[in-house]
Each structure stands twice: as C-alpha cells, then as structure tokens.
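Coordinate analysis (summary)
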Amino acid sequence: MVFDVIIRGGTVIDGTEAPPVQADIGIAGERITTVGDIPSSASDSTQTIDATGLHVSPGFIDVHSHADAALLNDGQHASGIRQGVTTEIISPDGLTLAPLSAENYRMYSWYLSGILGLPPEGLDMSSIEAARKNYHHKTSCNVATFAGHGPIRLEAAGMNDVPLTGSKLDVAKNLLRESLEQGAVGLATGLSYYPNSWSDTDELCALMEVTKEFDRPLSIHLRNHNKDRAFGDGGVPEAIEIARRTGTKLHFEHFRTDASSAGRVDELMAPIDKAKSEGVDITLETYPYPVGSSFPQAFFPGYFHEGGPEEMMKTLNDEDRRAELIDRMSEISYTDPHGNVWTHINSNKNKHLEGWLFDDVAKEWGVSVQEMMTRMMAEESLACGMRVAPPENVHVWRQIEEDIMQLMVRPDYMVGSDSIPVGGMPHPRAHGCFARMIGRLRRRYNYPVEQVVQRMTQNPAERFGLTDRGVIATGKFADLVIFDEQNINDRSSFEDPKVHPEGVPFVIVNGKLAVENEKVTGVLAGQAIP
Ligand SMILES: [Zn+2]
C-alpha cells in the first residue's frame, strides 16, 4: 500500500463515541485508506507524523460560524484551523452573503459589516453555486453553508417590512429550492435580525415545506422581536410549532442557560424534551461561554432597518430622527445595552475604543450610552460590533459552564462557536471555543473525551449531511486533528482574545497538513461541501 501520510502510534477516537484505541492511520490522496497496524516497511509515504502520546480524532465541525466574510478576506483562517476545526458551517442566523444580486450584495454586506466585517467588493454571490466557488480550494478548512433566510427574503421583497405572500413567496421558495439543490445544508434564520424578523410563522412554515423536500433542517435563532407575528409569542413555542406543522427537522442555535437561569438545565430543556417525546426531531448546539456577541443595530426596533443601510445612516445623522430612535429602543425586549463592550471598530479614528465598555465610552464622550451607540454607528458607517461583558460573579460563570457541559452529555447536542472573527477585541470563542470545551472544561467536569469528540464530529456531520466526514474509518475524507488530551487548552480570554490554543500540533484537511507543529502551513485544501 502506498500512503501520502502515515500517522503512527496515536490513540484514535473515531468520532462514534467508541472508546479510544491505539492505531496507525494511513492516508492516500484525500481519503483515509487504512486504520490499524501499518508495518514499518510501508515507508513510501512522503510524510510520517509521530503521534505517540497524542489523540487523533476527526476534524471538528463548527455548526455556527460567522466567518462568511472573514474566509473570503483571509482563507488561512488561523482562528478556526488552529483549534482543529476542519469544517465551518457558515450563514447561521440566516445572516449571509448569498444568494444576492450585485446590488443586494453591496447593500447587505454593508448592513452586516458589524458582525461579518466587510467582504471583498464585487464578488459573484448570485447563487449558492457561485458562492461555493468563492470558497472552494481557497480556504484552509472545508466550508458548508445554509441557505440564509436573510438573502432569500431580500431577493424576494427587499429590505422592507412586508409579508412574503403570493408572487413574493414564490420567488423566495424558488430561490430556496435552487439553493438546496446547489448544496445548502438547510435553511437558517435569526428571528431577531433583519430582514428575517419581518417574517411571521406562516412564512417560515411555507419555506420549510421546500426544505422538507430535501430532508434538511431549519437552524433557528429564536425570535426576540416582532413577537406579535409569531405563534406562541415567538421563542421556543414558535420553533416547535414550525417543525410540528411541517414535519421538518429543527436545530436550535446557541441554546444554553444564562445568568438568569444558571443551574436550571432541566427547566430549560423541559419544552424541548416534551416536543421530542411527541415526535419532533430536534438537535441543539452551544458554545462554552456565559455571554454572547452581536452588532449594535440589534438593539433597535424594526422600523429603523427599513430601506437598509442608506436609510439607517440618514436616521443616525439626523438629530430629530436619532432622538426618536433612542426613544423607541424600549419597544424591544433585547439585552440592556449597558455592560456591552466594543469588539470591532472599523475606522482608525475610533479603533482605540475596541475593548472599552459602552458605559466608559459614553462617559468619555459625555453622552448617554444610547446616544454613544448611535454616534458610533454613524461615524463607523455601521461597521462596528460588540459583545456582552461576562458576569462579575465567578460562581454564576462557573455554573453556566457546568450547565453547558451537562448539556453536552445529551446525544442531541453539538458545538457551534458563534465565532465572529473580526476586529481587535472579538469574543474569545473565535479563537478558543473548541479547545476550551475539549480541554479545560471536559477535564474540570471529568467527561469522557470520546463523548465530547462525538458531539463535535459525527453528530454535526450526520445532522447536516456532510458525506463521509465526522468519523475516522477507511474510505472517509482525511479531516483529522491530533491533540494532546491532557494539555489542550484555549488561551483566548475576554481581555486578550486573539490567542491560539495550545495542545493541537497537527490538523489535516482532505489529506493535506493545514497545521504542523502548532503552525499554519498556508495550504488551502478546504472544499465547498457537501
Ligand atoms: Zn450567531
């Protein structure tokens, strides 16, 4: 047998939750061709990796990655690949850059620049097929994408608060069908984001009728806004109702306890388990941190977003309209803007304020927090992002982490980093999510390594139909991560977030070394999958 790469002497975790075994792995081309003993005479390989004392598992699959634009700007994507993430599933929350006409690409990439950063101008993103070409063999990791509710709604109805019915709904359904035919792994929506939030439950059900033809799931960020349009006031009841009515699979994005519900996992999961017992097919994901990250326009009610960035800028730059906007922030029940931190600020003028608390910037400028936010958005032309400050109470923080690891025991859970790899002070999950979970948290709460690995590999591969990935076996793609089970750790923190983890010496994507001795190799062997 001829191999291109041989990994010798490692402890293999195959991704199925089977106990680890000692085995060599032989790779030829893009695939694993042998798992077992490889005699030392088989030395034709161009490369041998000594994995003695290390664990070898399938590459991690991130089911919630906001690297849509970051991957287009820098295909090396060290923040993900250095953690062992060999596949990124982009466009969660339905916030993505395809399928969009040239004009809508210009408009929506501007609108989303606070989350995604600014992508290259003028790319052909007119279909999922066109978008896939912009990633294929241009990134270190594989890239899979959802069909985004945002772009589909934009193409059908523009950035307007109108219902999708009649011919508009037909346009949306046809685009969704085309996207799924071209390889989208499901429909994703974020019902607190625009234009998605202008939908009602009936619209989502109509779209899911299409998704059902392809047996693909709905990945959902629950509704906080426009609750009056939703079955059961939005949230979990609306999501379950969509799956019930349409008989489709449901995937809950970033579902965990928070400071107000820490320690109450059973209560959190009760409605999910009830629906499951009644036959609804549900999976879920989380990241191992107590707080999230977003962009500031998430604090403002729906009317502000109408017409898109050009109209929003007019509002932000007009004193009366800005005062009205601040006044109407109370219409929505989103997190209090106090206690947030700027993660990403585009201009040199304000860049030094990255990492500052909103309250401190407001004090510095001598204005209210709300006024500071609107001014920053105006000065930055919307290209600014934020995260929540972690709880001051360490006990609460630890309890949420304990809850998260308890959730990961469930066979229906997987890991979505929700990474926003943009700016100078991003949420630490972008560089640390996977390493944190399989490193310090797994060891702190003493969970079996093969169980945590399964949630990061086989589980997402099966749920999102990533063919021949997520397990180690003969014939599968050689997406592999080699790590030091005792010493793998995240090193990114809220104070110093852009630090790569330790204990992940080798990462292989489609048979090619993407990380070697804890350094990125520059090889861009990632594919647009599935
Ligand atoms: Zn997200």
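Residues numbered from 1 in each chain as written. Predicted model: local features only at pLDDT ≥ 70, side-chain atom pairs only at ≥ 80, totals over all residues.

Read across the open sheet, the three strands follow the order S14-S16-S15; overall the sheet is antiparallel. Strands with a single pairing partner mark the edges of an open sheet, and in this sheet they are strand S14 (293-294) and strand S15 (340-345). In the sheet, S15 pairs with strand S16 (residues 384-388) via five bridges, with the strands oriented antiparallel. Within S16, the position partnered with isoleucine 345 by the bridge is cysteine 384. (Pairing = 2+ DSSP bridges. Helix = DSSP H or I, 4+ residues; strand = E, 2+ residues; numbered from the N terminus.)

Turning our eyes to something else, we now look at the pairing of strand S2 (residues 21-28). Pairing of strand S1 (residues 5-12) with S2 involves six bridges; the strand directions are antiparallel. Within S2, the position partnered with isoleucine 7 by the bridge is isoleucine 25. Both S2 and strand S3 (residues 31-36) contribute to a ladder of five bridges, which runs antiparallel. Opposite isoleucine 25, over in S3, you have valine 35 as the bridge partner. The hairpin turn running from S2 into S3, its antiparallel successor, is two residues long, and glycine 29 in that turn takes a positive phi close to 60°.

In this section: the domain arrangement of the protein chain. For the protein chain, the assigned domains are domain 1 (59-289 + 392-427) and domain 2 (294-388). Taking only C-alpha atoms, the centre of domain 1 and the centre of domain 2 are 23 Å apart. Counting only elements with at least two residues in the side of domain 1 that touches domain 2, the list comes to helix H3 (102-111) and helix H4 (113-116). Within the side of domain 1 that touches domain 2, the residues separate by chemical class into 13 nonpolar, 12 polar and one charged. (Domains from an automatic or database assignment. Nonpolar A, V, L, I, M, F, W, Y, C, P; charged D, E, K, R; others polar.)

Attention now goes to the packing of helix H13 (residues 358-365) against helix H14 (residues 369-379). Packing of H13 against H14 leaves a shortest axis separation of 9 Å and a crossing angle of 85°. The angle between the axes of H13 and H14 places the two elements in the roughly perpendicular class. Residues Phe358, Asp359, Val361, Ala362 and Trp365 of H13 form the contact with H14, whose own contacting residues are Val369, Met372 and Met373. (Axes fitted to C-alpha atoms, helices over the stretch in contact; angles between N-to-C directions. Parallel < 35°, antiparallel > 145°, perpendicular 65-115°, else oblique. Contact = placed C-beta atoms within 7 Å.)

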